[in-house]
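Geometric and topological summary
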Amino acid sequence: MKRSQVKINLVVIFIYLILALIFDYVLFKYHLVWGSNDAKFHIGRINEWLAAPTGGFPFLSTHSQSAVGSQVNVFYPSQMLQPLIILIKVFQHPVTCLFIYATLLSVLTAILTDYAVFSVIKDRQLSFLTAVLYTFSAYRMMDFYQQFDLGEFIALTFLPLVFTGFYHMVKHHNEKWQIVFGLTGMLFSHVVLTFLAILFLVALFLLALLRSSKRQQLLGDGILLGVCTLALSSVFWLPMISHQLTTISGLEPTYWKESVVTTNSLSVIGQNLLRNRILYFHTPGTFLTFSGLIVSVSIFIHYRKMNSLWMTTALLFILTLWLITPLFPWSLFKNTIIVVIQMASRFSAFATFFASGLVAYGITRVCNNIQGRQIFYFLTIILACGMTLSSIQDVANEYTANQIPVVTNQNFRQFSAIDHRHESFDYFPHKSRPFVSELSESTAIINGTAQKIVGQSQFNAIKYHIITTQSRNNQLDLPFLNYNRTYYQVKVNGKKVPFQISRRGTFLIKTNQRDNQIQIAYRPSMIDRYSWLISAITLIILMGYYWFLKSKPKSRRELSKLVKA
């Protein structure tokens, strides 16, 4: 790479960093994170990791999630949380580290988006503008400030690589490997958004197969990239599938359940877009929605002169906008697996990326014949980022007025007690659904009588000290989730004892003494312990292949001859 290009790249990264720091103004002004919709869930996950020993995996939640032994970290990916966990352990200022992590994620998102788009378009101004519009979009920032959906916030970092990698696969370019790392990064962050991305990819892949003159090669590439993605991400999905299949009564992903995907009304969406407000009504945001529509209409009008890439992008943008609204017939998918999406607003993530590319394309086309176009780019960035910052301030005003609980460095580890309510928990056995409330309140059933008990939390284990009124035939139904009979060990007063699964989906233990020191511990399976090896070996192979592609042509020929020999 030329020295001048290195300098340009460093300047661009510096601009991304400055913009990311500007969006940290909430930290500088309020010194807190609002305990919004998903805050308890994600902070609970973080605290569970903070309580785990170095190198240990918290299969059970015993320090959070009401200490009921939920296997949330098995079913909800936490690989991409590890840098944040390290930051908090080193600096011991959780909220400050959250903002540092969010800043670094924004810079990484911008860099990856810039790289991904440039690999397709070969236009640095367009890729730079797309990166800024996407990274600092209203939807992405609302994920952090309003919803605190930390998983989706992280997953958005890798979304651009998925679609640009798919484009390269269809065009048979070497950059097709972007899709492997993009999907793996998303799967390590947020399962539902990855599920939606895969739905998009499958539909687009089938269309590409129908139109391709090299169907066999395209099909081969699709299978190869799919297998590589599965192998690279096996450290997460192998244990997840294994635990799901061994949960005897079936798995419930969340304590609340919808029969149909929920949407906001058209009038509500329109009113909030016109007011530049997306609080509780998620969309790509006012700037990207209206600008994206204008560029899309222009593309459709001049479709004869348009590259198929931009036509496809405009169609995908319109499609994702349609999916957000009640105009799409979501009722047709009532009580199906599609309901796992929960909220149609999740499609705003895809609409945001498509709109960012479209708007960047429209502006670069307009500015091609304008002198001083850098000023026009600058004004576009100011307008887009300014409108996003305005939306964030609306959230701050709303949450401050409604006295939404706040998360500070001081209360981070005890945030579940902030609003004097017990933590809910997710990913539990189906049998436990009717008893979620009493389990979250640590209610045991001791010889037929409800009794609240508090266990002593340990790493992947919990201890209870229970004194009964009778010395024989005690039946203890403990408030600790029992997923299966295979990978748990129960000791009473230091001796292993058999156990059963109660009607509540919890541990039912029989004892013959008044004083009972009970320990319930999880014993990891072979898949739990060694699935990471598949991911590690795959990563080494992919890195070696990348080196091979980047090596000099002569070296590649020599290596090819050696392999054939």
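Residues numbered from 1 in each chain as written. Predicted model: local features only at pLDDT ≥ 70, side-chain atom pairs only at ≥ 80, totals over all residues. Heavy atoms only, no water.

So, the overall build of the protein
Here is the rule we go by: Starting at the N terminus, helices and strands are each numbered in turn, a helix being any DSSP run of H or I of at least four residues and a strand any DSSP run of E of at least two. The size measure is the radius of gyration over C-alpha atoms, and the globule rule it meets is 2.2 Å times the number of residues to the 0.38 power. Note on exposure labels: buried denotes an accessible area under 20% of the residue type's maximum, exposed denotes more than 50%, and partly exposed covers the range between, all computed with a 1.4 Å probe on protein chains only. In what follows, residue pairs with any heavy atoms lying within 4.5 Å of each other are defined as contacts. Residue-level accessible areas treat just the shown protein chains as cover; the underlying method is Shrake-Rupley with a 1.4 Å probe.
Per the secondary structure count, the protein includes 22 helices and 14 strands. The globule rule puts the C-alpha radius of gyration for 565 residues at 24 Å, and the 26 Å found for the protein is close to it. Along the longest, intermediate and shortest principal axes, the C-alpha atoms of the protein span 90 × 70 × 50 Å. A total of 565 residues make up the protein; the buried ones form 53% of that total. When contacts within the protein are restricted to residue pairs at least 6 apart in sequence, long-range pairs at least 24 apart make up 75% of them. Element-wise, carbon and sulfur atoms account for 63% of the exposed surface of the protein, whose accessible area totals about 26700 Å².

Points about the pairing of strand 13 (residues 506-511)
Put simply, the rule is: Strand pairing is defined by DSSP finding a minimum of two bridges between the two strands.
In terms of burial, strand 13 is largely enclosed, as five of its six residues are buried. In the sheet, strand 9 (residues 474-481) pairs with strand 13 via six bridges, with the strands oriented antiparallel. Along strand 13, the bridge assignment pairs leucine 476 with isoleucine 509. For strand 12 (residues 500-501) and strand 13, the ladder comprises two bridges, and the chain directions are antiparallel. In the sheet register, glutamine 500 faces strand 13, and the bridge partner there is leucine 508. A loop of four residues connects strand 12 with strand 13, the two strands running antiparallel in sequence, and glycine 505 in this loop sits at a positive phi of about 75 degrees.

Considerations on the pairing of strand 8 (residues 461-467)
For strand 7 (residues 456-458) and strand 8, the ladder comprises three bridges, and the chain directions are antiparallel. Pairing of serine 457 across the sheet is with isoleucine 462, part of strand 8. Counted along the chain from strand 7 to the antiparallel partner strand 8, the turn is two residues long, and its residue asparagine 460 has a positive phi close to 55 degrees. As paired strands, strand 8 and strand 14 (residues 515-522) are joined by seven bridges and run antiparallel to one another. The residue of strand 14 that forms the bridge with isoleucine 467 is aspartate 515.

Side note on the sheet that holds strand 14
Hydrogen bonding along the main chain pairs the strands of a sheet, whether they run parallel or antiparallel. What the five strands build is an open sheet, ordered 7-8-14-10-11; its pairing is antiparallel. One side of each edge strand has no neighbouring strand; the edge strands of this open sheet are strand 7 and strand 11 (495-496). The sheet contact formed by strand 10 (residues 488-492) and strand 11 spans two bridges and is antiparallel. For valine 492, the partnering residue across the bridge sits in strand 11 and is lysine 495.

Digging into empty space enclosed by the protein
Spelled out, the test is: With a 1 Å grid spanning the protein atoms alone, the term cavity applies to any set of points in which a 1.4 Å probe fits but cannot get out, the term pocket to an open set with protein on both sides within 12 Å along at least five of seven lines, and the term lining residue to any residue with an atom within 4 Å of a point. Grid points are joined across faces, edges and corners, and a volume is the space filled by probe spheres set on the points. Under the scheme applied here, ten amino acids are nonpolar (Ala, Val, Leu, Ile, Met, Phe, Trp, Tyr, Cys and Pro), four are charged (Asp, Glu, Lys and Arg), and all others, including Gly, are polar.
Under the definition given, this model contains four cavities of 30 Å³ or more. As a volume, the largest cavity reaches approximately 110 Å³. Around the largest cavity sit 15 residues that line it, and Ser137, Ala138, Phe287, Ala384 and Thr388 are the ones nearest its centre. Secondary-structure elements contributing two or more residues to the lining of the largest cavity are helix 7 (124-135), helix 16 (286-301) and helix 19 (373-401). Considering each element in turn, the lining of the largest cavity owes the most residues, four residues, to helix 19. Grouping the amino acids of the lining of the largest cavity by side-chain chemistry returns ten nonpolar, five polar and no charged. The volume enclosed by the second largest cavity comes to roughly 60 Å³. What lines the second largest cavity is Ala20, Phe23, Asp24, Phe99, Ala102, Thr103, Ser106, Met141, Phe144, Tyr145 and Phe153. Of all elements in the fold, only helix 6 (94-121) and helix 8 (138-145) reach the threshold of two or more residues within the lining of the second largest cavity. Among the elements that line the lining of the second largest cavity, the one with the most residues is helix 6, at four residues.

Quick notes on the side chain of lysine 176
Which entries qualify depends on this criterion: Pairing of N or O atoms within 3.5 Å defines a polar contact, subject to two protein rules: one partner must be a possible hydrogen donor and the other a possible acceptor, and residues neighboring in sequence count only if both atoms are side-chain atoms.
Along the chain, lysine 176 turns up in the loop between helix 10 (159-171) and helix 11 (178-187). Taking relative accessible area as the criterion, lysine 176 reaches 13% and is therefore assigned buried. One polar contact links lysine 176 to aspartate 221, side chain to side chain, over a distance of 3.2 Å. Sequence-distant contacts of lysine 176, that is, excluding residues within four places in its chain, are made with Gly165, His168, Met169, Asp221 and Leu225.

Examining the environment of threonine 184
Residue position: threonine 184 is located in helix 11. What makes threonine 184 buried here is its relative accessible area of 5%. Considering only alpha carbons, one finds threonine 184 and alanine 231, 47 residues apart in sequence, at a separation of 9.5 Å. Setting aside its immediate chain neighbours within four residues, threonine 184 contacts Thr229, Leu232 and Ser233.

Topic: the sheet that holds strand 12
In spatial order, the strands read 6-5-9-13-12; together these five strands make up an open sheet with antiparallel pairing. Where the open sheet ends on each side, the last strands, each with one partner, are strand 6 (449-452) and strand 12. The pairing of strand 5 (residues 443-446) with strand 9 spans two bridges and is antiparallel. Among the inter-strand pairings, isoleucine 446 is bridged to a residue of strand 9, identified as leucine 476.

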